[in-house]
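A look at the structure
Listed below, chain by chain, are the residues.
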4 protein chains.
Amino acid sequence: MHNSAILLVSCPDAKGIVASIADFIFKNNGNILTNDEHGDEASRLFLTRIEFDISNFTFPLADFASHFSSVARNFQMDWRLALSSERPRLAIFVSKYDHCLQDLLYRHQSGELRCDIPLIVSNHPDNQRIADFYRIPFFFFPVTKDNKAESERRQLALLREHKCSVAVLARYMQILSPEFIAALGSQNVINIHHSFLPAFIGSKPYHQAFQRGVKIIGATAHYVTQILDDGPIIEQDVVRIYHRDSVDDLIQKGRDLEKIVLSRAVRWHVENRILLYGTKTVVFQ
Amino acid sequence: MHNSAILLVSCPDAKGIVASIADFIFKNNGNILTNDEHGDEASRLFLTRIEFDISNFTFPLADFASHFSSVARNFQMDWRLALSSERPRLAIFVSKYDHCLQDLLYRHQSGELRCDIPLIVSNHPDNQRIADFYRIPFFFFPVTKDNKAESERRQLALLREHKCSVAVLARYMQILSPEFIAALGSQNVINIHHSFLPAFIGSKPYHQAFQRGVKIIGATAHYVTQILDDGPIIEQDVVRIYHRDSVDDLIQKGRDLEKIVLSRAVRWHVENRILLYGTKTVVFQ
Amino acid sequence: MHNSAILLVSCPDAKGIVASIADFIFKNNGNILTNDEHGDEASRLFLTRIEFDISNFTFPLADFASHFSSVARNFQMDWRLALSSERPRLAIFVSKYDHCLQDLLYRHQSGELRCDIPLIVSNHPDNQRIADFYRIPFFFFPVTKDNKAESERRQLALLREHKCSVAVLARYMQILSPEFIAALGSQNVINIHHSFLPAFIGSKPYHQAFQRGVKIIGATAHYVTQILDDGPIIEQDVVRIYHRDSVDDLIQKGRDLEKIVLSRAVRWHVENRILLYGTKTVVFQ
Amino acid sequence: MHNSAILLVSCPDAKGIVASIADFIFKNNGNILTNDEHGDEASRLFLTRIEFDISNFTFPLADFASHFSSVARNFQMDWRLALSSERPRLAIFVSKYDHCLQDLLYRHQSGELRCDIPLIVSNHPDNQRIADFYRIPFFFFPVTKDNKAESERRQLALLREHKCSVAVLARYMQILSPEFIAALGSQNVINIHHSFLPAFIGSKPYHQAFQRGVKIIGATAHYVTQILDDGPIIEQDVVRIYHRDSVDDLIQKGRDLEKIVLSRAVRWHVENRILLYGTKTVVFQ
């Protein structure tokens with residue numbers, strides 16, 4: 001593990017961007033560890049993620065903005081700095097299905113996910129036992145039509161109190177209100193949808209897939225926007241099915257897909273590997 | 001290569017079907033080589049494909065119907081017999097893109113596809129040279145709005161003349177009329193669509209996929225029905241794409257997918273491995 | 001879930017095998033649910049797995065052998081009958097790594113693995129907590145060179161006491177003695193090896209793979225024989241790696257592979273889907 | 001298509017490498033299009049591939065070495081510059097199997113492979129017709145034990161005459177002599193081996209795989225060194241096989257693998273995406 005910083009930049013494409021950033025880091029005694037970029041031809045945007053060792057950096061990272069501002073201004077950069085020592089704080093939202101929850105907590109505990117998970121929110125009491133095993137506080141909100149708005153307000157307060165900026169919907173079977181999503185901000189709510197989007201939007205996608213007779217099923221992790229199943233896609237994967245597979249088999253095979261796709265998306269998010277541009281994501285690996 | 005017959009049966013599920021068929025074959029001195037079945041719980045249908053060696057069969061296969069009729073009647077079977085020595089006759093329809101055509105002809109020539117391809121139909125003259133290389137007659141129909149109906153009539157006449165019962169649309173960029181499809185009959189027109197159906201129905205699916213920001217693209221081979229891109233799916237496959245991939249890269253990666261998916265579908269068709277039930281297919285492998 | 005029996009047969013290939021078995025089942029009022037077979041051309045063996053509904057079977061399944069013996073004798077069958085209501089009893093052997101253990105217990109609890117797991121054996125105390133969570137007795141054997149033979153004897157006694165016929169080595173970092181393997185019998189010890197066998201036999205396969213510069217790594221589940229990493233392969237799968245992946249990344253990616261490959265092998269074993277012939281397996285799915 | 005140059009650099013890791021190169025390109029009015037690097041922790045090497053637009057470059061690229069020398073010296077760089085307008089010249093070596101040859105020529109013609117293929121060398125006359133179709137000179141060398149050394153000398157002369165620096169062995173069933181390989185130099189002979197190396201080294205790998213009962217087969221493209229099947233791996237891929245697959249089926253499935261794996265390797269080679277370090281490759285994509 002390096003003592004490093006990650007600089008994420010998005011700006012109009014121009015000559016000299018790489019040179020200016022690399023030069024800035026070099027002059028301040030940073031050492032570039034990895035350097036990924038993408039020039040999007042359609043939008044003429046330049047996107048980059050640079051991780052650099054800061055062991056001998058010449059000024060405290062807290063002052064980065066003031067030192068970097070002239071470079072940033074020159075190229076009209078939209079930028080963000082993250083430290084590898086900072087651990088993002090995530091709240092997991094879950095209903096009854098426990099496979100994604102279990103998988104996230106297992107990976108978290110084994111060190112694969114470099115984040116803190118200070119709390120689990122659920123509209124069912126069922127997964128308390130798993131939360132206890134992993135020693136993570138579990139908050140049960142029996143959401144109904146009548147108390148939904150109130151529940152969401154209390155959930156947001158809880159997230160604020162625990163300094164969680166990100167909500168991971170690990171098969172959370174409630175549609176979040178636009179207000180809730182707006183309060184967390186774009187790119188801060190990650191969902192797993194159990195189909196290969198944009199196929200089979202909405203409810204019961206495995207039933208839809210079975211009905212249509214597809215030969216492959218999929219799962220999609222995406223950032224949540226106010227339009228259902230329409231947010232920027234982070235990751236997708238698929239698995240082959242056979243004529244002997246019933247809907248229940250699809251659901252079971254899908255469990256393995258869902259958990260692996262969601263875990264990858266969460267990992268890339270906490271490692272600051274994902275940049276949004278328009279309605280799409282770049283994932284730098 | 002065995003001297004064999006393939007019996008395809010679809011009937012309401014009941015006890016004794018396997019025993020009756022196996023007994024019939026055994027008593028007439030056939031030897032079962034492979035035996036696949038599928039019981040579809042939703043429709044309560046029993047589907048089976050039995051290949052048996054007929055080297056020492058006790059009666060000529062031409063008389064199969066009369067001998068088998070009592071078994072078939074007992075179980076209300078919808079059945080069909082094919083001989084491995086009979087080679088289905090396929091017409092390939094193609095426009096300018098040559099990758100699927102090239103792949104089918106290469107596999108045909110190298111013995112992977114046990115069928116005859118007596119002719120190629122095209123609405124562009126471009127692929128004449130490939131047809132010549134593989135020594136297959138090439139018929140050019142410069143289809144326009146005005147002569148489309150007339151062209152289709154002449155194409156059907158050509159297929160009849162060459163005893164082709166099956167049309168393979170190997171990236172044929174014309175929508176066939178309902179009359180044309182009806183004339184060939186269901187399960188006799190195979191198309192390759194360059195998306196993971198039901199995502200990205202219609203035209204320019206790679207552009208649609210690029211726009212949506214999916215992480216995986218696909219291709220789908222299906223039987224053509226009168227509703228666009230809606231027929232029973234035979235085979236699908238997918239390939240991962242990356243943010244550096246432009247639409248042109250998607251098209252290029254897609255070429256490899258399309259040809260492999262279409263070739264599999266054609267192969268399974270000519271080997272009598274595909275049974276339709278409702279709007280779905282079973283592929284016995 | 002059907003009330004069914006599974007008949008596994010291996011015999012020299014001959015005409016009439018399918019007919020005889022199907023007829024026997026039909027006459028005794030069983031209903032064939034699935035029927036898979038494989039004729040191995042090299043060994044001229046016929047292998048089959050037939051699952052049939054026994055709700056209205058005419059005689060108690062306990063008497064199957066006596067009724068079936070004439071059919072079996074006719075074709076020199078090596079056969080075995082299992083009831084879907086019988087749950088095989090498995091002991092899991094584990095060391096410090098917990099990913100395979102965790103995955104097996106999770107799938108067991110969620111109903112994917114239709115078996116009983118009456119005990120876990122380990123040469124380290126670390127995984128007691130997971131065993132407790134899933135409420136499965138955990139037996140700690142601090143194996144050393146000196147007490148290895150004695151430990152194995154006590155482990156075997158424990159298995160006998162708990163009526164476990166099968167040992168699943170879920171990353172158990174001890175080489176079992178020939179006596180131990182012989183005591184359980186062939187096809188009763190399942191191991192997961194963390195490479196794509198036969199590549200990288202022996203210890204530290206991820207280090208070997210990293211050193212060789214392969215582009216894909218794999219995992220292999222196999223039955224254990226007395227030759228290291230040489231037993232009949234049940235299942236394999238692979239994952240792509242990249243130049244940025246360190247040995248630690250390989251180990252981490254490999255964890256996901258190992259657990260999925262081992263879980264599939266265990267599932268197929270407990271569902272009586274695996275037939276051995278020579279040094280190879282058929283898996284009927 | 002950009003008018004671009006590709007700079008490939010390998011040097012001991014140090015601070016300021018990226019900044020120095022980026023600054024050099026920027027000051028000479030180049031525009032960085034893509035920039036990939038890899039820091040290999042074991043060897044402490046820094047490897048990079050930078051593609052930059054040279055439309056407005058301030059000096060002729062022929063003078064690059066003299067201008068870049070001070071940067072290169074500073075960091076002890078091992079470097080190479082390629083122009084996207086330069087097309088590498090490849091000779092294809094083939095025996096009787098035509099699938100890899102066919103695939104390479106098809107991709108070459110359709111613009112996927114940006115190289116020239118001035119000649120095909122074969123120890124069998126069979127593939128003359130394919131060469132003619134693609135209008136590429138075909139040279140037949142009936143290699144025997146006695147004339148092998150002489151044949152290789154004449155082949156090398158032919159390559160020199162046609163300014164081919166690279167030989168692609170597209171299922172060429174002759175083992176090249178150390179002298180031949182040395183004459184072309186490392187990283188200039190690409191071979192396709194029909195197994196997932198290091199499994200099944202040597203002859204008849206599909207037979208070996210069938211015998212061992214693996215569940216997946218593979219193919220490996222690698223640079224040829226003087227040790228059989230031991231050179232740096234460029235690309236590998238795999239496909240699942242089933243118990244019904246005979247050795248012939250493996251060979252047929254393998255054909256699709258071999259051609260796709262070899263084509264990828266050739267493409268990456270001609271696009272200057274492959275860097276060697278020790279016995280391994282980095283492929284920048």
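Residues numbered from 1 in each chain as written. Chains lettered and ligands numbered in written order. Predicted model: local features only at pLDDT ≥ 70, side-chain atom pairs only at ≥ 80, totals over all residues. Heavy atoms only, no water.

1. Concerning the overall build of chain A
Inclusion rule: Helix and strand labels come from DSSP, where a helix needs a run of H or I of at least four residues and a strand needs a run of E of at least two; each type is numbered from the N terminus. Computation of the radius of gyration draws on C-alpha atoms alone. For the globule rule, the value is 2.2 Å times the number of residues to the power 0.38. Two residues qualify as a contact provided that any one of their heavy atoms is within 4.5 Å of a heavy atom in the partner residue. To be clear on the numbers: accessible area is Shrake-Rupley with a 1.4 Å probe, and residue cover counts the displayed protein chains and nothing else. Only four residue types enter the tally: Lys and Arg on the positive side, Asp and Glu on the negative side; His and the chain ends are excluded. A charge is said to be at NZ when it belongs to Lys, at CZ for Arg, at CG for Asp and at CD for Glu.
Scanning chain A from terminus to terminus reveals eight helices and 13 strands. Its C-alpha atoms give chain A a radius of gyration of 21 Å, near enough to 19 Å, the size a compact globule of 285 residues would have. On the principal axes, the C-alpha backbone points of chain A span a range of 60 × 40 × 35 Å. For chain A, the proportion of contacts with a sequence separation of at least 24, taken over those separated by at least 6, is 67%. Accessible surface, chain A: about 11500 Å² in total, of which carbon and sulfur atoms supply 51%. One way to put it: in chain A the 32 positive side-chain charges average out to a point 3 Å from where the 32 negative ones average out.

2. Some details on the domain arrangement of chain A
Residues and elements named next belong to chain A. Filter applied, for reference: Reported domain spans reflect what an automatic or database domain assignment gives. Summed over both partners, the accessible area (1.4 Å probe) lost when two parts come together is defined as the buried area.
With domains assigned, chain A is organised as domain 1 (4-83) and domain 2 (89-283). Each of domain 1 and domain 2 has a C-alpha centre, and these two points are 31 Å apart. Listed per partner, the contact involves 13 residues of domain 1 and six residues of domain 2. In this assembly, domain 1 packs against domain 2 so that about 750 Å² is buried in total across both faces, 60% of it on carbon and sulfur atoms.

3. Focus on the sheet that holds strand β4 (residues 78-83) of chain C
Residue and element names in this part refer to chain C. To keep it simple, the criterion reads: Should DSSP find at least two bridges between two strands, the strands are taken to pair. Interaxial angle, 0 to 180 degrees, is taken between N-to-C directions of lines fitted to C-alpha atoms, where a helix line uses only the stretch in contact.
Here four strands make up an open sheet; going across it, the order is β2-β3-β1-β4 and the pairing antiparallel. In this open sheet, the two strands that pair with only one neighbour each are β2 (31-40) and β4. Between one strand and the next, the sheet's axes are offset by a mean angle of 10°, whatever the strand orientation. Note: β2 against strand β3 (residues 45-53), nine bridges, orientation antiparallel. Across the sheet, residue histidine 38 finds its bridge partner in β3, namely leucine 47. The sheet contacts of helix α2 (residues 64-74) involve β1 (4-12), β3 and β4, and relative to β4 the element is tilted by about 150°.

4. A word on the interface of chain D and chain B
Often, the extent of an interface is quoted as the loss of accessible area upon association of its parts. Spelled out, the test is: The working definition used for a salt bridge is a side-chain nitrogen of Lys or Arg within 4 Å of a carboxyl oxygen of Asp or Glu. Here a polar contact is taken to be a pair of N or O atoms separated by no more than 3.5 Å, where protein atoms must pair a possible hydrogen donor with a possible acceptor and residues adjacent in sequence count only if both atoms sit in side chains. Throughout, the ten residues Ala, Val, Leu, Ile, Met, Phe, Trp, Tyr, Cys and Pro are labelled nonpolar, Asp, Glu, Lys and Arg are labelled charged, and all others, Gly among them, are labelled polar.
Tallying the contact residues gives 26 residues for chain D and 26 residues for chain B. When the two sides are added together, the surface that chain D and chain B hide from each other amounts to roughly 2200 Å², 36% of it contributed by carbon and sulfur. It is Tyr106, Arg129 and Phe133 of chain D in chain D that bury the most area against chain B; as a group they hold 31% of the surface buried on that side. The tally of links from chain D across to chain B stands at six salt bridges. A salt bridge links aspartate 36 of chain D to arginine 244 of chain B; the nearest nitrogen and oxygen atoms lie 3.1 Å apart. There are 16 residue pairs in polar contact (both at pLDDT 80 or more) connecting chain D and chain B. For the side of chain D that touches chain B, the elements supplying multiple residues, two or more each, are β2 (31-40), α3 (99-109), α4 (128-133) and α8 (247-270) of chain D. Residue composition of the side of chain D that touches chain B, grouped by class: five nonpolar, eight polar and 13 charged.

5. Quick look at helix α2 (residues 64-74) of chain A
Residue and element names in this part refer to chain A. So the rule is basically this: Categorising residues by exposure relies on relative accessible area from a 1.4 Å probe, with only protein chains included: less than 20% of the type maximum marks a residue as buried, more than 50% marks it as exposed, and the intermediate range marks it as partly exposed. The arc in question is formed by the directions pointing from the helix axis toward the C-beta atoms.
For α2, the set of buried residues is Phe64, Phe68, Val71 and Ala72. Projected onto a plane normal to the axis of α2, the buried residues spread over an arc of 100° and lie on a single side. Seen from the buried face of α2, the exposed residues on the opposite side, beyond 90 degrees, are Ser66, Arg73 and Asn74. Elements in contact with the buried residues of α2: β1 (4-12), α1 (17-27), β3 (45-53) and β4 (78-83). A positive backbone phi angle near 50° is found at glutamine 76, which sits one or two residues after α2.

6. Some details on the interface of chain B and chain A
Every contact between the two is made by 33 residues of chain B and, on the other side, 33 residues of chain A. For chain B, the biggest contributors to the area lost against chain A are Arg212, Lys215 and His243 of chain B; these three give 25% of the whole. Seen at the junction of chain B and chain A, the total is six salt bridges. Counting across the chain B and chain A interface gives 16 residue pairs in polar contact (both at pLDDT 80 or more). Secondary structure elements with two or more residues in the side of chain B that touches chain A: β2 (31-40), α7 (205-212), β11 (233-240) and β13 (280-283) of chain B.

7. Points about the environment of alanine 183 of chain C
All names here are of chain C. Looking at the element boundaries, alanine 183 is found in helix α6 (residues 178-184). Exposure remark for alanine 183: the relative accessible area of 49% places this residue in the partly exposed category. Considering only alpha carbons, one finds alanine 183 and valine 71, 112 residues apart in sequence, at a separation of 31 Å.

8. Quick notes on the relation of the copies chain B and chain A
Definition in use: Only residues with pLDDT of at least 70 in both copies contribute their C-alpha atoms to the least-squares superposition of the copies.
Superposition of chain B onto chain A requires a rotation of 180° combined with a translation of 0.0 Å along the rotation axis, giving an RMSD of 0.0 Å. Within this description, the copies of the chain are treated as partners about a two-fold rotation axis. Among all residues of chain B, the minimum C-alpha distance to the rotation axis is found for alanine 199 of chain B, at 2.3 Å.

9. Thoughts on the relation of the copies chain D and chain B
Of the transformation placing chain D onto chain B, the axial shift is 0.0 Å and the rotation is 180°, giving an RMSD of 0.0 Å. Interface overlap between copies: 100% of the residues of chain D at the interface are likewise at the interface in chain B, consistent with a symmetric, same-surface contact.

10. Some details on the side chain of glutamate 152 of chain A
Looking at where glutamate 152 of chain A falls in the secondary structure, it is placed in helix α5 (residues 148-161). For glutamate 152 of chain A, the residues in contact, after removing those within four places along its chain, are Ile175, Leu176, Ser177 and Phe180 of chain A.

11. Overview of a nonpolar patch on the surface
All names here are of chain A. In plain terms, the rule: Within this analysis, patches are made of residues with over 30% relative accessible area and no salt bridge. Like charges are joined at 9 Å or less; nonpolar side chains (Val, Leu, Ile, Met, Phe, Trp, Tyr) at 5 Å or less.
Residues Ile175, Ile201 and Leu228 make up a contiguous nonpolar surface patch of roughly 290 Å² in combined accessible area. Position of leucine 228 among the secondary structure elements: in the loop between β10 (216-223) and β11 (233-240). Taking relative accessible area as the criterion, leucine 228 reaches 45% and is therefore assigned partly exposed.

12. So, the sheet that holds strand β7 (residues 138-140) of chain A
Each strand in a sheet pairs with another by means of backbone hydrogen bonds, the pair being arranged parallel or else antiparallel. Residue and element names in this part refer to chain A. Across the sheet, which stays open at both edges, the seven strands sit in the order β7-β6-β5-β8-β9-β10-β11 with mixed pairing between neighbours. Taken across any chain shown, the strands that pair with only one partner, and hence form the sheet edges, are β7 and β11. Recorded for the sheet is a direction-independent mean angle of 20° between the axes of neighbouring strands. Of the pairings in the sheet, the one linking strand β5 (residues 89-94) to strand β8 (residues 166-169) comprises four bridges and is parallel in character. Bridge assignment links alanine 91 to a residue of β8, and that residue is alanine 167.

13. Brief notes about the packing of helix α7 (residues 205-212) of chain C against helix α8 (residues 247-270) of chain C
Residues and elements named next belong to chain C. Our working rule: Oblique is the label for any angle not under 35 degrees, not over 145, and not in the 65 to 115 range, which are roughly parallel, roughly antiparallel and roughly perpendicular in turn. Note: crossing handedness is left-handed where the near helix turns anticlockwise from the far helix by less than a right angle, and right-handed where it turns clockwise.
Axis separation between α7 and α8 bottoms out at 10 Å; the angle between their running directions is 125°. Compared by their axis directions, α7 and α8 come out oblique. Considering how the two elements wind past one another, α7 and α8 form a crossing that is right-handed. For the pair α7 and α8, the contacting residues are Tyr206, His207 and Phe210 in the first and Val247, Leu250, Ile251, Gly254, Arg255 and Glu258 in the second. When grouped by side-chain class, the residues that make up the contact of α7 with α8 number five nonpolar, two polar and two charged.

14. Some points on the environment of arginine 80 of chain A
Residues and elements named next belong to chain A. By the secondary structure assignment, arginine 80 is in strand β4. With relative accessibility at 41%, the residue arginine 80 sits in the partly exposed group. What arginine 80 contacts, discounting residues up to four positions off in sequence, is Ile6, Leu7, Leu8 and Asn272. There is a polar contact of 3.2 Å between the side chain of arginine 80 and the side chain of asparagine 272.

15. Points about the nonpolar core
When a protein is soluble and globular, its nonpolar side chains tend to lie buried together. Quick reminder of the rule: Buried Ala, Val, Leu, Ile, Met, Phe, Trp, Tyr and Cys residues that are joined via side-chain atoms within 4.5 Å together make up what is termed a nonpolar core.
Counting 92 residues, the largest nonpolar core has Leu105, Ile120 and Leu262 of chain B together with Leu105, Ile120 and Leu262 of chain D as its most contacted members. Sort the elements by how many residues they give to this core and α8 of chain D lands first, with nine residues.

16. Quick notes on the packing of helix α3 (residues 99-109) of chain B against helix α8 (residues 247-270) of chain B
A pair of packed helices is captured by two measures, namely the crossing angle of their axes and the spacing between those axes. Residues and elements named next belong to chain B. Two elements in contact, α3 and α8, have axes whose closest approach is 9 Å; the angle formed by their N-to-C orientations is 45°. Taken as axis vectors, α3 and α8 run oblique relative to one another. Both α3 and α8 take part in a crossing whose hand is right-handed. On the side of α3, the interface is formed by His99, Cys100, Asp103, Leu104 and Arg107, while α8 contributes Arg255, Glu258, Lys259, Ile260, Leu262, Ser263 and Val266. By residue class, the composition of the contact of α3 with α8 is five nonpolar, two polar and five charged.

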